[in-house]
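Descriptive structure summary
Spelled out, the chains give:
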Amino acid sequence: MKHLAEYKEEIHSCSKCGLCQSVCPIYKITGNDCTVSRGMFIMLRGLINGELKMTGRLNRYLDLCLKCGACSKFCPSDINVVDIIASAKAEYFKSHIFEKFISILQKYIFFGCGVSFLRLFSHNIVSKKYDKKVVYFGGCSGKIKGNRAVVKLLNSCNIEVITPDFKCCGIPFYVRGDKENFEEYKNNCLNLIAQTGVKDIVTTCASCEKTLKGFSSDIKVKNIFEYIRENNLKLKLKKNKKVTFHKPCNIDNYDDIKWILDNTENLEYVEMANFDECCGLNGISKINEYKIMSKIFKAKYDNIINSGAKTVLTSCIGCETALKLYSFGRYTVEDFTEFLVKNI
Ligand code: SF4
Ligand code: SF4
């Protein structure tokens, strides 16, 4: 994670065209330029130049950002907004004890005890041996769900799966600007990968995939859906199922997912409106911003209901958690990989 000042040039390259406003889910609700990259960059430039201080108010705007990256995809200056906001958050993090307290809760309670308890119910199997080997980075999701779905699908592609005991990829710490914990998780991950001697890494979670891709150019990270498509693995469900799909912001290879949705027998796929709009995960804990966040959750909920599908598939543990939290029993939310293996 770079220091905020190192982004000075990139921040300066913002032409203030305002294109980010047209896609930012938060700006669409607030209409406030301080809540979208263009306005935040003006404030961050003031911060770097010493004209502004990192106040609670500025931090509030940084916190409102969902880190969805939708603005970056539209930005003509190709500015990496999420990385810049994370570096700005690090400025706030280092002098605020409450942020450190949240990290302790995340590290020891949620990703520590919580995940350790849930892994008691996970399903693990031993992979068959093949010449081609990949390392499965499951992160928190892999600990909770086990490796069964990944091993079954990749073994069908004649690929052996190695499953080291990874921890979280560190993204929850990254987006909050907690450099120290993020580096700790990153190093733990890279050490375990180095011990396997294998450089091909497979993930099922879009957020883990994106985080791992930023770790090192020595490893090659792919999502399981790329392997399924590459190997032309055509699947058939035992019974007809009607589903819709929520595309996580962090997924790069939606084409591969769409190929599977279109080529799996007995699978009826209905595209919901705005299927690629952020689920609002980063706003889940912001009870103080309930009025803004509830509009994001409600829009996604309505789009799912209007699709007519009772099953929503996704491929990110964060999205899955958020979508489940506001489903109110009207639909079920499943991880795409798990769903496939459960139903074939
Ligand atoms: S789209 Fe990019 S260049 Fe345009 S205002 Fe937003 S951040 Fe600046
Ligand atoms: S990352 Fe998402 S929420 Fe944050 S400014 Fe960009 S579009 Fe808005």
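A quick note: this is a predicted structure, and the numbers were derived from the prediction, not measured.

1. Description of the overall build of the protein
If you tally the helices and strands in the protein, you get 17 helices and 8 strands. For 344 residues, the compact-globule estimate of 2.2 N^0.38 gives 20 Å, and the protein sits close to it at 20 Å. Summarising its shape, the C-alpha atoms of the protein cover approximately 60 × 50 × 35 Å along the three principal directions. For the protein, the proportion of its 344 residues judged to be buried stands at 42%. When contacts within the protein are restricted to residue pairs at least 6 apart in sequence, those whose partners lie at least 24 apart make up 72%.

2. Digging into unusual backbone geometry
Positive phi values are uncommon outside glycine, yet Asn-158 reaches one of about 60°. Structurally, Asn-158 is set in the loop between helix H9 (148-155) and strand E2 (159-162). With phi around 70°, Asn-266 is a residue other than glycine that occupies positive phi space.

3. A closer look at the sheet that holds strand E4 (residues 220-223)
The parallel open sheet is built from 4 strands, whose spatial order is E2-E1-E3-E4. The open sheet has two edge strands with one neighbour each: E2 and E4. Taken pair by pair, the neighbouring strands of this sheet meet at an average axis angle of 40°, ignoring direction. Here 4 bridges tie strand E3 (residues 200-203) to E4, and the two strands are oriented parallel to one another. Its bridge partner being in E4, Thr-203 is matched across the sheet by Asn-223. Relative to E2, H9 is tilted by about 155°, and along the sheet it contacts strand E1 (132-136), E2 and E3.

4. Observations concerning the site of ligand 2
The full set close to ligand 2 counts 15 residues, and Cys-24, Cys-65, Leu-66, Cys-68 and Cys-71 are the nearest of them. Contributing elements (two or more residues each) for the shell around ligand 2: helix H2 (25-30), helix H5 (70-74) and helix H6 (81-93). Counted by class, the shell around ligand 2 contains 12 nonpolar, 2 polar and 1 charged residues.

5. Focus on the site of ligand 1
Ligand 1 sits among 15 residues. The nearest are Cys-14, Cys-17, Cys-20, Arg-38 and Cys-75. Going through the elements one at a time, helix H3 (37-48) and H5 are the ones with two or more residues in the shell around ligand 1.

6. Section: the nonpolar core
In terms of nonpolar packing, the biggest core is built from 93 residues, with Ile-85, Val-150 and Leu-154 touching the most fellow members. If one sorts the elements of this core by residue count, H6 sits on top with 8 residues. Ignoring anything within four residues of it in the chain, the contact list for Ile-85 reads Met-40, Leu-62, Cys-65 and Lys-67.

7. A closer look at the domain arrangement of the protein
The domain architecture assigned to the protein consists of domain 1 (4-93), domain 2 (120-228) and domain 3 (234-343). Look at where the C-alpha atoms of domain 1 and domain 2 centre, and you get two points 30 Å apart. In this assembly, 6 residues from domain 1 lie in contact with 6 residues from domain 2.

8. Quick notes on the packing of H9 against helix H17 (residues 336-343)
Two numbers describe how H9 lies on H17: the axes approach to 9 Å, and their chain directions differ by 70°. The angle between H9 and H17 falls in the class roughly perpendicular. You can see that H9 and H17 cross each other, and the crossing is left-handed. Of the residues in H17, those in contact with Arg-148, Ala-149, Val-150, Lys-152 and Leu-153 of H9 are Thr-337, Glu-338, Leu-340 and Val-341.

9. Notes on the pairing of E4
Looking along a regular strand, one sees side chains alternate from face to face of the sheet. Burial of E4 is one-sided: the residues Val-221 and Asn-223 facing one way are buried, the residues Lys-220 and Lys-222 facing the other way are not. Regarding the hand of the β-α-β motif, the stretch spanning E3, helix H12 (residues 206-213) and E4 is right-handed.

10. Regarding the sheet that holds strand E6 (residues 265-269)
Strand order in the open sheet formed by 4 strands is E6-E5-E7-E8, with parallel pairing between adjacent strands. A strand with exactly one partner marks an edge of an open sheet, and here the two such strands are E6 and strand E8 (332-335). Across the sheet, the mean angle separating the axes of adjacent strands is 40° when strand polarity is ignored. Inspection of the sheet shows strand E5 (residues 236-245) paired to E6 by 4 bridges, in the parallel sense.

11. Quick word on the environment of Asn-187
Along the chain, the position of Asn-187 falls in helix H11 (residues 179-196). Given 12 C-beta atoms within a 10 Å radius, Asn-187 is considered exposed. The spacing of Asn-187 and Phe-215 is 28 residues in sequence and 8.9 Å in space, taken between C-alpha atoms.

12. Digging into helix H4 (residues 56-64)
Along H4, the residues that are buried comprise Leu-58, Tyr-61, Leu-62, Asp-63 and Leu-64. Looking at the buried side of H4, the elements it contacts are H2, H3, H6 and helix H15 (290-307).

13. Let's talk about the environment of Asn-124
On the secondary structure map, Asn-124 appears in the loop between helix H7 (97-118) and E1. You can call Asn-124 partly exposed: it has 13 C-beta atoms within 10 Å. Through-space distance from the C-alpha of Asn-124 to that of Arg-148 is 5.2 Å; in sequence the pair is 24 residues apart. Ignoring sequence-local partners within four residues, the contact set of Asn-124 consists of Gly-146, Asn-147 and Arg-148.

Definitions and limits used
Residues numbered from 1 in each chain as written. Chains lettered and ligands numbered in written order. Predicted model: local features only at pLDDT ≥ 70, side-chain atom pairs only at ≥ 80, totals over all residues. Helix = DSSP H or I, 4+ residues; strand = E, 2+ residues; numbered from the N terminus. Rg over C-alpha atoms; globule rule 2.2 N^0.38 Å. Buried ≥ 20, exposed ≤ 12 C-beta atoms within 10 Å, placed from the backbone. Contact = placed C-beta atoms within 7 Å. Pairing = 2+ DSSP bridges. Axes fitted to C-alpha atoms, helices over the stretch in contact; angles between N-to-C directions. Near = placed C-beta within 6 Å. Nonpolar A, V, L, I, M, F, W, Y, C, P; charged D, E, K, R; others polar. Core = buried A, V, L, I, M, F, W, Y, C linked by C-beta atoms within 7 Å. Domains from an automatic or database assignment. Parallel < 35°, antiparallel > 145°, perpendicular 65-115°, else oblique. Left-handed = near helix turned anticlockwise from the far one by under 90°. Right-handed = clockwise from strand over helix to strand, strands pointing away.

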